[in-house]
Amino acid sequence: MDIKFIVISMFLMIADGFTVRGPSGPLFFPLGSSVVLPCYVDELLLMEGLEVEWRRTDSETLVHLYQDGESRPEAQQQDYHDRAHFFTDQIQHGNFSLRLDDLRAEDEGTYTCKVYNQQESSETVVQIKDVECLRVSGSNRSVSAYDGEDVTLNCSVDSHIKPEHIEEVKWIKTDEDILVLLYQNNETLPDSSDEQYRDRVEFFTDEIPKGNFSLRLKSVRTEDKGVYMCQVFAGGLSANAMVVLERLGFSLLHITVLVFCFISGSGAVLLLCRLIYCRSKNTVSRSTIWNLQLSLVFFPNICMSIAFIFWGFTEGFLHETVTCCALYILRPVMLIWALPYLKYYQDNIKTWISSFKITSEFAVFTVIVYSVFFTYGWRKSAHDTNIEPRVGSGLYFGDVVLSCLLLSAVELIRLSIQERPRGNFFSSIQTLVLFNGIFLLSPSQLSQLIFSFGHHSPEFVMMPFVQPLLLLCAPVLLFLQSKFKFLCQRWITLLCIITITLLDIILVIYIHLTILEREKEYVGWICVIVFLEVLRMMAVYEFSVTEAERSRDQRRRQKTETSQQRSNTLHLCHEIMYMFGAVGLVLLNSVTLTAELILKARNGERVLKDLRVIVFPSECVFVLYCLVLQMHAFWKIVTAESTHNQRISGQGHRRQLRTP
């Protein structure tokens, strides 16, 4: 390798501001072929005032010029007319590579790529040499395909060099500088591929002895479009061939996603309009209104879950697809649970609605989310020789699944005996629910994450036990108020409830941010975890409310509930928030998924890197409102119970004073 070339390259790459990068060594080419001279920056530059110059270093001949947002072929040397081209659509992404066609012997030499931007400049040097003994040919035409199809990118070595003498062949996506697939030392190395292409690219093994290193790209995605380079290295020589994968169109699966998004959003709006119309007509039966309400609960959410399933098939983002799909499958549980808060169903509420508990939704969603965590952590440590993290993650994940199964089973037992008198058996069931839901599940979840993602700081040793103790404060508050009268004041109760909830959510966000900060999907995961934690708090308060109500006399409880219904002035607010959860969120997410799909097909890259940053925060708005309702119910029961006890003690005291 030319020492002068290396010294110049190293000197030019040391610069303030942005840095222009090029190849690590000279490029070898056969006469008559095409070659790409790499030149790119790692960070995006402002297009305003951007200027790119390609010149021959030895003669200062202008090869090509990009100025004022367009190429300037009239300014280049006559010898390079119609032979030197920019990838114009890639300039905005920082790719200033030059393609030189119909190479001649006089093209051998050193070229400089100089980039000017906002009174700053940087440059890199590329050297090309003529080698007749190594020829690599690709495709003369651009390759196009629909999403989901398989496509072949041609690359063949036409020379006297035998395939076993070829040291290395690598496919690179030049506009993003991503390694697609590597062939080295007579062996294909699929693990070297970037995660975007892993398990989707392969060579035609039977064709390699013939010098055919064409690449098979399976299940093409919209972000796969771009310029691909096949680089071949043999005996100190190198050559390359270019293949352009054009813009891709919608596949049948993409169209299916759009159809289900449209059906979901429009169906939710039409069902809501029909429901409002029927409620305004006194002649419409309650059964018709009830059927419309159930259709509004199930139909849009099922359609959105199917849309996310097909979205996963087309784009392949497993973690995003599984969590979003699971959310929409479980959303009817939350919507049916909230039906008793609607005024127009107070007199005709169905008895089976009581079987829809937040605890069940929380348990199922927890298993799904942490199974994805387990799969992700297992794949991440697949090549790690230390098996301790994988074993620990598997054991704690099994504990999470077992805890959720017990929690769901105990909830079913509670429902089956809810009308029976309380006894020792029910008390033991209550203790088991509390112990399992608070003391077993939370430490198992955090321990699994620590083992899966590797965070062994001393402060995190006690973290799995801090959160359960914090969650235990809600049911323990009832016991403390029965022992200490000064805690029975309303403002103290309200302050304790709000403090417990906020501290729990803040603690969970801090823990997961610390554990997942090195993961590229950590923002999406934090959104999922916050939603899961709100469900947990709802389950805790729901449990506390249920136990507090059962501890009171049945007749007095019914009287209190009746008075609450009569004095409740928030029915309109309940209905607005319920319609927001049933219709507004479905409409928002269907529009988001549709826009993301269309923009990605158009631009070849995602606008939102993770749909969970839209789906779960918007869902948290509705779920937080439901949590506030549970906190309010818990607060009213606690304060009503303390007021009742004080009234009874006051009556007893007056009775003692009247007794001689």
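Residues numbered from 1 in each chain as written. Predicted model: local features only at pLDDT ≥ 70, side-chain atom pairs only at ≥ 80, totals over all residues. Heavy atoms only, no water.

**Regarding the overall build of the protein chain**
Scanning the protein chain from terminus to terminus reveals 14 helices and 21 strands. Considering the protein chain as a whole, with its 660 residues, one finds that 50% of them fall into the buried category. When contacts within the protein chain are restricted to residue pairs at least 6 apart in sequence, those whose partners lie at least 24 apart make up 70%. With an accessible surface of roughly 32000 Å², the protein chain has 59% of that area assigned to carbon and sulfur atoms. (Helix = DSSP H or I, 4+ residues; strand = E, 2+ residues; numbered from the N terminus. Buried < 20%, exposed > 50% of the residue type's maximum accessible area, 1.4 Å probe, protein only. Contact = heavy atoms within 4.5 Å. Areas by Shrake-Rupley, 256 points an atom, 1.4 Å probe, with all protein chains shown as cover.)

**A short note on the packing of aromatic side chains**
When we look at a pair of aromatic rings, we describe it by the centre distance and by the angle of the planes. The tally for this structure, following the rule as stated, stands at 14 aromatic pairs. Pairing Phe310 with Phe313 gives two aromatic rings, centres 6.4 Å apart and planes at 70°, and the pair type is edge-to-face. A residue pair is termed a helical-turn pair when its members lie 3 or 4 positions apart in one helix, as Phe310 and Phe313 do in helix H3 (residues 286-315) at three residues. Judged by relative accessible area, Phe310 falls into the partly exposed class, the value being 23%. Residue classification places Phe313 among the exposed positions, given a relative accessible area of 61%. Judged by centre distance (5.4 Å) and plane angle (55°), the ring pair of Tyr370 and Phe373 falls under tilted. Highlighted residues: Tyr370 and Phe373, both in helix H5 (residues 358-380), separated by three residues, approximately one helical turn. Summarising the burial analysis for this pair, Tyr370 and Phe373 share the class buried. By the ring-pair criterion, three or more aromatic residues cluster together here, those being Tyr183, Phe203 and Phe213. (Phe/Tyr/Trp six-rings, centres within 6.5 Å; stacked < 30°, edge-to-face > 60°.)

**Digging into the sheet that holds strand E13 (residues 151-153)**
Strand order in the open sheet made by the three strands is E13-E19-E18, with antiparallel pairing throughout. What marks the edges here is a single partner per strand, and that holds for E13 and strand E18 (201-203). Each strand of the sheet is rotated relative to its neighbour by a mean of 30°, with strand direction disregarded. Alignment of E18 against strand E19 (residues 215-217), held across three bridges, turns out to be antiparallel. Looking at the pairing, Phe203 lines up with Leu215 of E19. (Pairing = 2+ DSSP bridges. Axes fitted to C-alpha atoms, helices over the stretch in contact; angles between N-to-C directions.)

**Here we look at the environment of Leu37**
Tracing the chain through its elements places Leu37 in strand E3 (residues 35-37). When the C-alpha atoms of Leu37 and Pro26 are compared, they prove to be 9.9 Å apart, with eleven residues separating the residues in sequence. With near-sequence residues (within four places) excluded, Leu37 lies in contact with Leu27, Trp54, Ser97, Leu98, Tyr111, Val126 and Ile128.

**Some thoughts on the packing of helix H4 (residues 318-337) against H5**
Viewed as axis vectors pointing N to C, H4 and H5 meet at an angle of 175°, and their least axial separation amounts to 9 Å. Looking at the two axes, H4 sits roughly antiparallel to H5. Of H5, the residues touching H4 (which contributes His319, Val322, Thr323, Ala326, Leu327, Leu330, Val333, Met334 and Trp337) are Ile358, Glu361, Val364, Phe365, Ile368, Val369, Val372 and Tyr376. Taken together, the residues of the contact of H4 with H5 sort by class into 14 nonpolar, two polar and one charged. (Parallel < 35°, antiparallel > 145°, perpendicular 65-115°, else oblique. Nonpolar A, V, L, I, M, F, W, Y, C, P; charged D, E, K, R; others polar.)

**Some remarks on the pairing of strand E15 (residues 168-173)**
In terms of burial, E15 is largely enclosed, as five of its six residues are buried. Taken together, the six bridges between E15 and strand E16 (residues 178-184) define a ladder with antiparallel strand orientation. Residue pairing across strands places Glu168 opposite Gln184, the latter belonging to E16. Connecting E15 to the antiparallel partner E16 that follows it, the hairpin turn spans four residues, and Asp177 within it adopts a positive phi of roughly 55°. Where E15 lies against strand E20 (residues 226-234), six bridges are found, and the strand directions are antiparallel. Bridge pairing links Ile172 to Met229 in E20.

**Looking at the confidence of the model for the protein chain**
Residues at a pLDDT of 70 or more form 73% of the protein chain, whose mean pLDDT is 76. Of all secondary-structure elements in the protein chain, the lowest mean pLDDT belongs to helix H12 (residues 554-567), at 41, while E18 reaches the highest, 91. A low-confidence stretch, residues 1-16 stays under pLDDT 50, and its non-local contacts, those more than four residues away or across chains, total 19 contacts. (pLDDT = per-residue confidence, 0-100.)

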